[in-house]
Every structure is written in C-alpha cells, then in structure tokens.
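# Examining the three-dimensional arrangement
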Amino acid sequence: MSDPRQHIMPVYNPPEEAFVRGEGARLYTEDGTAYLDFIAGIAVSALGHAHPAMVEALKSQAEKLWHTSNMFRVPAGEQLADKICARTFADRVFFTNSGTEAVECAIKTARKYHWANGREDRYEIVTFTGAFHGRSLGAINAGGNPKYLEGFGPPLPGFTQIEWGDHDALDAAVTDKTAAVFVEPVQGEGGVRAMPEACLTGLRKLCDERGVLLIYDEVQCGMGRTGQLFAHEWVDDAAPDIMCVAKGVGGGFPFGACLTTEETGSVMQPGSHGSTYGGNPLAMAVGNVVWDIISDEDFLAQVRRVSGTLAQSLAGIAESHPDLCEGVTGKGLLTGLKMKEPPKPLQGHCRDKGLLVGVAGNNVLRLAPPLIINDEDVRTATSTIDAAIAEWKAT
Ligand SMILES: *Cc1c(COP(=O)(O)O)cnc(C)c1O
C-alpha cells in the first residue's frame, strides 16, 4: 500500500497515530484508544477538545453566516474588540487568521508609527535569541533562528538580535534606529523560558526613555496560559504598545489578533493593512465564547492553582532523576522539564504510555495542557512522565 502521507509536504514528521475525536483533555484514535493531551495542539486548545459552548457557538454561526470579508462590518468582532480593550492595555484590535499574521501586523504598525512621526529611519526591530514569531519571511527574520532562515534568501535588513538576558547588549542595541523591541514574555519554542519580572519592567523603562515601542508576542504565553490573562500582567508597569495574540484565543479555531494602544494604532488607516478572512464571523463567534470563559477571574485563579500542583510534581520528578533532569522551566501551564540531552525519545516513551507532550529548544520536554485540567490529570501526567523517564534511562 502506498504511504497515505505521500502528497503532504513533509515539513512535519508526525507519529503514526491519527486522532479522530477529542473530549476535554483527552484525544481518541479510531480504535478508541485514549491519550491525555498535555500539549493541546501547541498551547491552542485552551478549553480542551469539543467544549460544548464552543461547539454550540460554531454550529449556530455556521447555520447563519460564514463570511462577508472586512468590506462589511462583523458585529461579533466589534463586540470582542470592545471586551479585549476594556480588559487590557489595548485600544485597537486587528483580527488575523494566525499568530504569524498578528506578528506581521505588529511589525508593520511599529514601523508605520515612526514613519508617521517623521522618523522613517527608525525601522529596526530588536529581538532575543531563542525567539519564535512564526514562519512568514518577516517572522523568521524576527525570530532569527538560523535553521528557519537557511535557504530562503538573504536575511531581511532591519532586524537585530541580542542574547537573551544580556542587558549590556540590549542597552547597546536600542539606538535611534530602533523602532521596537519585540519579545515573548515567556518564550515557547525557544525553550519555555520566562523573562524575569524585573527585566520586563526594565525593558518598558528603557523603551520609554529612548522613544522605542515595546511589542509583546503573547501568541503562546497569553490567554490565561500562565495564570494571568496575559503573561505580562504578572508585572505592574510593563504594558506594551503592541501585542500579538493567537493560539489560545481561538481555542482551536484559527484566529489571532494584533492589539495596540490608541497612539500607536491610530497610524494604521484605511488601506494600511488588511486580511480577507481576518476576524470572520465563525472565528468571532468562537472567540467571544473563549474570551468570556478565560477572562473570568475565577477561571484564572483555578489555572494558577492547578499550575502550582503541576510545578510541584515536576520539581519532584526533576529531583528524583538528577542524572537526566536539570529542573523545571516556564510559567503556569506553559512549562516543562529541562533535560540534559534532547528529549525527543522521552516524548515517544510518553506517547507509548498514553500521554502527549511536546519538545522545545534547549532540551526541554514541553507541557502546555488545556487550561481546564484538574489535579487528577496532573497526577496521571506526571506519574506517566516519571515512568517514561525510567524507561528512557533503561534503554
Ligand atoms: C505559534 C507562535 C507564533 C506563530 O503562530 P502561527 O499561528 O503558527 O502562525 C508566533 N509567535 C509565537 C510566540 C508562537 O508560539
């Protein structure tokens, strides 16, 4: 028989299992085998699979209207933007279909802001090693990962990357050519690393002093993932000028958004930017439901509680396997075990035992479960990881 994957561009290398159904934190294959999902489609399925309120919102919208384009008003999008702006630093929202598109909008807005203020020479974007901002040409240049840039032509001008945590390099890199500093408050792909809280405050201050915009990429770490609605909200006085969101905001329906302050966003005028599908009625129907559930303070308090349980259990695992584990990394439910060698085989051992986890840069076994997990799920996941490490060791 021919390989059923033969016509798929092989940029991913998925395991054999194919899932046909999901419910809550569990995924099921055709033959009914259950897996506990601790990666959630890479921090996307924040409310788990087949959440009844999301299913209902999508179904009822599907029967009414799918698409009109942004040539026409989308009332549910106006509603969602109102809620987002009432609850965050933002005053303006541009809806996209993905995280990468939110990143493109952010970079364009930052450059246009300085251009509109007579400073078209301020176009450089300063980023950090380990960054991941998506796969468009703009986003791979912002991300700066040589593996993702290789073969795709010369690097684009206007991006400067400095070492994560190198304050002197940051100070030197932010010049009168800088449009914005662009950072994930908690890096996802790059190794599940949280920026120390004092650094976020310092970064905001530096940007203010030098007339530079601060952009957060909260595509992965936002939307309740760390136990605050947005990761930067752990820190006072560190609000950005622009923020990218996606992944969890749609809970599995593809959409994202670029959020800006009034001052920054007002430079984007009719014709400045666009998207055919961005913020379409299906996405907005789901987005409103997800927003209402996750922005609830009681929901976020529960995420913080279960995060504590998970962090404690992971610390226990790291302690009992000092030969293989360096420790626990990340924040809230964007977390992981930093291993001493590439954890890809460990991911396989976990899967064989019915647990789905991810990997990230820096030898991290990455966990990004649905935010609705309970203590029982945490116990199941962590005892599985513990057993999988023992098995890995034995091989
Ligand atoms: C996933 C991700 C992106 C890209 O989002 P897509 O929806 O895949 O385009 C950008 N930034 C961060 C931090 C991400 O984790």
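Residues numbered from 1 in each chain as written. Predicted model: local features only at pLDDT ≥ 70, side-chain atom pairs only at ≥ 80, totals over all residues. Heavy atoms only, no water.

The assigned domain composition of the protein chain is domain 1 (31–51 + 298–394) and domain 2 (54–294). Taking the mean C-alpha position of each, domain 1 and domain 2 sit 26 Å from one another. Listed by partner, the interface residues are 29 residues for domain 1 and 29 residues for domain 2. Carbon and sulfur atoms supply 62% of the area that domain 1 and domain 2 bury against each other, a total of about 2400 Å² over both sides. Interface area lost by domain 1 to domain 2 is led by Leu-300, Lys-331 and Leu-334, which between them contribute 27%. Here domain 1 and domain 2 share two salt bridges between them. Arg-366 is the partner of Glu-189 in a salt bridge, and the nearest nitrogen-oxygen pair spans 2.9 Å. If you list the elements that add at least two residues to the side of domain 1 that touches domain 2, you get α1 (40–43), α11 (297–320), β13 (325–331), β14 (334–339) and β17 (364–367). Take the side of domain 1 that touches domain 2: its biggest share by element is four residues, from α11. When the residues that make up the side of domain 1 that touches domain 2 are grouped by side-chain class, the tally is 17 nonpolar, nine polar and three charged. (Domains from an automatic or database assignment. Contact = heavy atoms within 4.5 Å. Buried area = accessible area lost by both parts, 1.4 Å probe. Salt bridge = Lys/Arg side-chain N within 4 Å of Asp/Glu carboxyl O. Helix = DSSP H or I, 4+ residues; strand = E, 2+ residues; numbered from the N terminus. Nonpolar A, V, L, I, M, F, W, Y, C, P; charged D, E, K, R; others polar.)

This part is about a nonpolar patch on the surface. Taken together, the side chains of Met-9, Val-11 and Tyr-12 present a nonpolar region at the surface, about 440 Å² in accessible area. Relative to the helices and strands, Val-11 is located in the segment before β1 (19–23). Using a relative accessible area of 63% as the deciding quantity, one classes Val-11 as exposed. (Patch = residues over 30% accessible without salt bridge, like charges linked within 9 Å, V, L, I, M, F, W, Y side chains within 5 Å. Areas by Shrake-Rupley, 256 points an atom, 1.4 Å probe, with all protein chains shown as cover. Buried < 20%, exposed > 50% of the residue type's maximum accessible area, 1.4 Å probe, protein only.)

In the vicinity of the ligand, the residues found are Ser-98, Gly-99, Thr-100, Phe-132, His-133, Gly-134, Glu-184, Asp-217, Val-219, Gln-220 and Lys-247. Side-chain polar atom of Gln-220 to an oxygen atom of the ligand: 2.7 Å apart, as the coordinates give it. A distance of 2.6 Å separates an oxygen atom of the ligand from a polar side-chain atom of Lys-247. With the chains in place, 82% of the 380 Å² that the ligand exposes on its own is no longer accessible. (Near = heavy atom within 4 Å. Polar contact = N/O pair within 3.5 Å; in protein donor to acceptor, adjacent residues only side chain to side chain.)

Looking now at the sheet that holds strand β2 (residues 26–29). The strand order β1-β2-β3-β15 describes an open sheet built from four strands, whose pairing is mixed. The open sheet terminates on both sides in strands that have one partner only, identified here as β1 and β15 (355–356). Across two bridges, the pairing between strand β3 (residues 34–37) and β15 is parallel. Its bridge partner being in β15, Leu-36 is matched across the sheet by Leu-355. (Pairing = 2+ DSSP bridges.)

Here β2 runs beside β3; their pairing, made up of three bridges, is antiparallel. By the bridge assignment, Arg-26 is partnered in β3 with Leu-36. Here β2 folds back onto β3, and the loop between the two strands holds four residues, one of which, Gly-32, carries a positive phi near 90°.

Before going further, it helps to spend a moment on the pairing of strand β7 (residues 178–183). Counting buried residues in β7 gives six out of six residues, a clear majority hidden from the surface. The pairing of strand β5 (residues 124–128) with β7 spans three bridges and is classified as parallel. Its bridge partner lying in β7, Val-126 is registered against Val-181. Examined bridge by bridge, β7 and strand β10 (residues 213–217) share four bridges and lie parallel to one another. Across the sheet, Phe-182 pairs through a bridge with Ile-215, a residue of β10.

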